[in-house]
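Chain and residue survey
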Amino acid sequence: MSSDQTQSLSKTSFKFFGLGGSNEVGRSCHILQYKGKTVMLDAGIHPAHQGLASLPFYDEFDLSTVDVLLISHFHLDHAASLPYVMQRTNFRGRVFMTHPTKAIYRWLLSDFVKVTSIGSSGSTDKDENLYSDEDLAKSFDRIETIDFHSTTDVNGIKFTAFHAGHVLGAAMFQLEIAGLKTLFTGDYSREIDRHLNSAEVPPSSSDILIVESTFGTATHEPRVNREKKLTQLIHSTVLRGGRVLLPVFALGRAQEIMLILDEFWSKHSEELGNGQVPIFYASNLARKCMGVFQTYVNMMNDDIRKKFRDSQSNPFIFKNISYLKNLDDFQDFGPSVMLASPGMLQNGISRDLLEKWCPDNKNLVLITGYSVEGTMAKYIMLEPDTIPSVNNPEVNIPRRCQIEEISFAAHVDFRENLEFMEKIGARNVILVHGESNPMGRLKSALLSNFASLKGTEDEVHVFNPRNCVVVELEFSGIKVAKAIGNIVDEVTSALGVQVKPDLGSEIKAEQEESNGSPDRKKETDEKTIVSGILVSDEKNFDLNLVSLSDLRDYHMDLSTTVLRERQTIHIDCKKELIYWHLCQMFGDMEVLIDDEGITHKTQEPAKPSANNAGELELKIMGDVKLNIIKSVATLEWSQGIMNDTVADSVMAILLSVDSSPASVKMSSRSCNHDHDHDHDHDHGHDHGHDHDHPEDKHYKGNGIGSEHDDLWKIKQVARLCTEQFGDCFSYKFHESDTAGDIMGDVTIGKTKATINLSQMKVAECDSNPLKGRIESILSIASDLVAPLC
Ligand SMILES: [Zn+2]
Ligand SMILES: [Zn+2]
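For clarity, every value in this text was computed on a predicted model and none was experimentally measured. (Residues numbered from 1 in each chain as written. Chains lettered and ligands numbered in written order. Predicted model: local features only at pLDDT ≥ 70, side-chain atom pairs only at ≥ 80, totals over all residues. Heavy atoms only, no water.)

1. Some details on the pattern of salt bridges
All told, the structure shown has 28 salt bridges when counted by the stated rule. The salt bridge involving Glu24 is made with Arg27; its shortest N-O contact spans 2.8 Å. Through salt bridges that share partners, Glu191, Arg194, Arg223, Arg226, Glu227, Glu256, Glu263 and Lys267 make up one connected network. (Salt bridge = Lys/Arg side-chain N within 4 Å of Asp/Glu carboxyl O.)

2. Things to note about the coordination of the zinc ion (ligand 2)
Within the first shell, the zinc ion (ligand 2) binds the protein through Asp77 (OD), His78 (NE2), Asp187 (OD) and His433 (NE2), at distances of 2.1 to 2.2 Å. Counting the intervening residues between successive donors of the zinc ion (ligand 2) yields the motif D-H-x108-D-x245-H. Taken as an interatomic distance, the gap from the zinc ion (ligand 2) to the zinc ion (ligand 1) is 3.4 Å; Asp187 donates to each of them. (Donors = N, O, S within 2.8 Å, 3.2 Å for Na, K, Ca; no water.)

3. Concerning a positive patch on the surface
A cluster of like positive charges, contributed by Lys114, Arg287, Lys288 and Lys325, occupies part of the molecular surface. Given a relative accessible area of 51%, Arg287 falls into the exposed group. (Patch = residues over 30% accessible without salt bridge, like charges linked within 9 Å, V, L, I, M, F, W, Y side chains within 5 Å. Areas by Shrake-Rupley, 256 points an atom, 1.4 Å probe, with all protein chains shown as cover. Lys, Arg positive; Asp, Glu negative; His and termini not counted. Charge placed at Lys NZ, Arg CZ, Asp CG, Glu CD. Buried < 20%, exposed > 50% of the residue type's maximum accessible area, 1.4 Å probe, protein only.)

4. Remarks on the state of the cysteines
Applying the stated rule across the entire model yields zero disulfides. Cys29 forms no disulfide, and the closest cysteine sulfur to it belongs to Cys468, at a distance of 9.7 Å. (Disulfide = S-S within 2.5 Å.)

5. Focus on the side chain of Gln174
Relative to the helices and strands, Gln174 resides in strand E9 (residues 171-177). For Gln174, a relative accessible area of 7% corresponds to the buried category. Within the structure, Gln174 has its side chain in polar contact with the backbone oxygen of Ser204 (distance 3.0 Å). Not counting chain neighbours up to four residues away, the residues in contact with Gln174 comprise Lys158, Phe159, Thr160, Phe162, Lys181, Thr182, Leu183, Pro202, Ser204, Ser205 and Ser206. (Helix = DSSP H or I, 4+ residues; strand = E, 2+ residues; numbered from the N terminus. Polar contact = N/O pair within 3.5 Å; in protein donor to acceptor, adjacent residues only side chain to side chain. Contact = heavy atoms within 4.5 Å.)

6. Looking at the packing of aromatic side chains
Throughout the structure, instances matching the rule amount to 14 aromatic pairs. Between Tyr281 and Tyr323, the aromatic rings sit 6.0 Å apart at their centres with planes inclined by 50 degrees, giving tilted as the arrangement. Highlighted residues: Tyr281 in strand E13 (residues 279-282) and Tyr323 in strand E14 (residues 321-323), separated in sequence by 42 residues. On the basis of relative accessible area, Tyr323 is assigned to the partly exposed category, the value being 23%. Where Phe729 meets Tyr731, the ring centres are 5.6 Å apart and the plane angle is 25 degrees; that geometry is what we call stacked. The exposure class of Phe729 is buried, given its relative accessible area of 7%. For Tyr731, a relative accessible area of 32% corresponds to the partly exposed category. Through successive ring pairs, a cluster of aromatic residues spans Phe14, Tyr34 and Phe475. A cation over a ring is seen here: Lys102 above Phe140, with NZ or CZ 4.6 Å from the ring centre. The ring of Phe408 has Arg226 sitting right over it, with the charged end atom 5.6 Å from the ring centre. (Phe/Tyr/Trp six-rings, centres within 6.5 Å; stacked < 30°, edge-to-face > 60°. Lys NZ or Arg CZ within 6 Å of the ring centre and 35° of its normal.)

7. A look at the confidence of the model for the protein chain
Looking at the protein chain as a whole, the pLDDT averages 82, with 82% of positions reaching at least 70. Considering only residues more than four positions removed or in separate chains, one finds that residues 1-10, a stretch of pLDDT under 50, has 17 contacts. In this model residues 119-125 is a low-confidence stretch, pLDDT under 50, and it forms five contacts with partners more than four residues away in sequence or in other chains. (pLDDT = per-residue confidence, 0-100.)

8. Digging into empty space enclosed by the protein
According to the stated counting rule, one finds two cavities of 30 Å³ or more in the structure shown. Put simply, the largest cavity is a space of about 80 Å³. Forming the boundary of the largest cavity are Ser189, Glu191, Asp193, His220, Arg223, Arg226, Arg253, Phe408, Ala409, Ala410 and His411. Of the residues contributing to the lining of the largest cavity, the split by class is three nonpolar, three polar and five charged. Split by domain, the lining of the largest cavity shows at least three residues from each of two domains, domain 1 (10-119 + 128-218 + 411-470) and domain 2 (223-405). The calculated volume of the second largest cavity comes to roughly 40 Å³. Around the second largest cavity, the lining residues are Phe14, Leu32, Tyr34, Leu175, Glu176, Ile177, Leu180 and Thr182. Listed by contribution, the elements that provide at least two residues to the lining of the second largest cavity are strand E2 (29-34), E9 and strand E10 (180-184). Per-element accounting of the lining of the second largest cavity gives the leading share, three residues, to E9. (1 Å grid on protein atoms, 1.4 Å probe; cavity = no way out; pocket = protein on both sides within 12 Å on 5 of 7 lines; lining within 4 Å. Points joined across faces, edges and corners; volume = space filled by probe spheres on them. Nonpolar A, V, L, I, M, F, W, Y, C, P; charged D, E, K, R; others polar. Domains from an automatic or database assignment.)

Laid out in structure tokens, this is it:
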């Protein structure tokens, strides 16, 4: 699929177009275009807005042109507008996400539909709902799932998912279009927490990195300290009889906080009055999704897997935490800890509890996630005196409770982000998923970090575009050919390296100008030359280097043809004579059939045919087969420059021997007779000088240097040159012309060469490549025309 928009792009320019999540956190959606392919990354909503206003700027782009949409993880700011895109726009592309993301996405978005319809109940406009349950169900079936580490190819767009940490199922995507590699981190963390591993570094380098910048240049406090602070704050609050509200996003980080609290409660059971201080998790959704967390324990870290194995119980079923379906079931007497969603306190249970508890100074609101600009979670951190009631905006509720923030948001800090970028080695970095200020600071910090590379070919370019502002990067056609089959062995033995058998290895056919990475330099430092057939698949941008023998195995779709040529002529002369002439010309030949023992004198064994019909069959110069049976000579060979020329020569011999009057002579004599005089008589010519006659020399077995041979040779050389250069080659040739050397001319455009055909030399040439080419043709020619015996 390509639109006018994509067609108008220069073929080698890469375009990044942010529809959301550029210079903001929320409604992540990025468009990438390269070589007529369009990829969309994420389709989120902005938690600070409602209805259509929460969407990315979909009107600014023709969504029907998108080939592939990849969803990095289930968080609402990355996935919640997907049903809208799939059901309510002209989007027709394919959608991919990982298995756990899809499993959780289903529950999450049906909850989102409910919450937003409650949240917008104050609004009279029903259309403010982005989509219905029905839209969600319909779109769900069309979402395709992918495994981590396996590469999917959609019409030349190749992508691979890698673990991103952050939340269960979160993926980074490495995309490859026509050899250009882009890595999109999504939200990612480089810290091993209680249940997830840190983000992976993909094994191969990327040219472009699209990276989150949530925390800008901030540095995380060590995790142990944060855990300690969290438990101490909660502990002291409940000891003074207060209530603790932890607004959390239903899934992902909530599970992490619960793992911490559950462990702390078990360890400090006595101090906490043996169950007198309850922990609640007010989310129906989390309960539903516990099964998903159990299913995908294998995607979590060693610690949690071990717990699961050892106890054979779900580590996400907590001893000290109870689920609360809704607030009606909640008896609010005395101290308690409550995890409640949504995390941004915009509406729902967490907002209700906030409004209920914030007037009491014994209580604590503890923010652990990332708070998006424009939401109540962000506002409350300013410790305002009052907050507006969500159901009655006229009413202001006094705020006296304690407000604290300890971040467990699984996003990289500056040091982690920089270290990751250095590992990826991309020369183009596009920052997304960050508010303007931290993102701007991150850009400056990165540029000063990479300052020493400025002006070199390794210079790192950092971009922090706004929404709907295009970033265009020029790449001078990257051509990467993948060597497959036997050629891999050739390369590996030449380089002395090991390559995994069926992965193949990539050979940089042409180094791009403005991109590359440390990895690549290593590749090009050790140069090795291999040859094979380049098979190009224009549609999928695949370029494979295959050896001829592997061609059928790897490219079944490609038809290969070997042309067999056959010529049959009638001959009158004896086989002995033909054999003798061929011996003169080609030396030893393989005798396939020899009924009459003609080759006996020179060849050891006679090889009779089955029918013993006086058949003679010879193999000449490898692959040209001559069969003579009775008076029919058949010449057969596989087409190719060498074989064609050999076959031509054989044919020329057959014709000349057959028409030569000497044949008559030879038909009754053996080759080595002294026949000079007889010959003259038979011939009926008198040149007055027996030995001058060209035919004589043949009979003496001494063809070298004779005029006839020279003429014949020149003809063959000229024929070869004509085959090579067509009309660009010309020469003057007359049978009688024996004075001086015969010259040929090659004229290709302004380039000229003169060839001395007699001496088989390039006499004059103003172009070295052409000269080299002619010389190699002459060398083939001299091999072919030289008598070998
Ligand atoms: Zn996220
Ligand atoms: Zn996010």
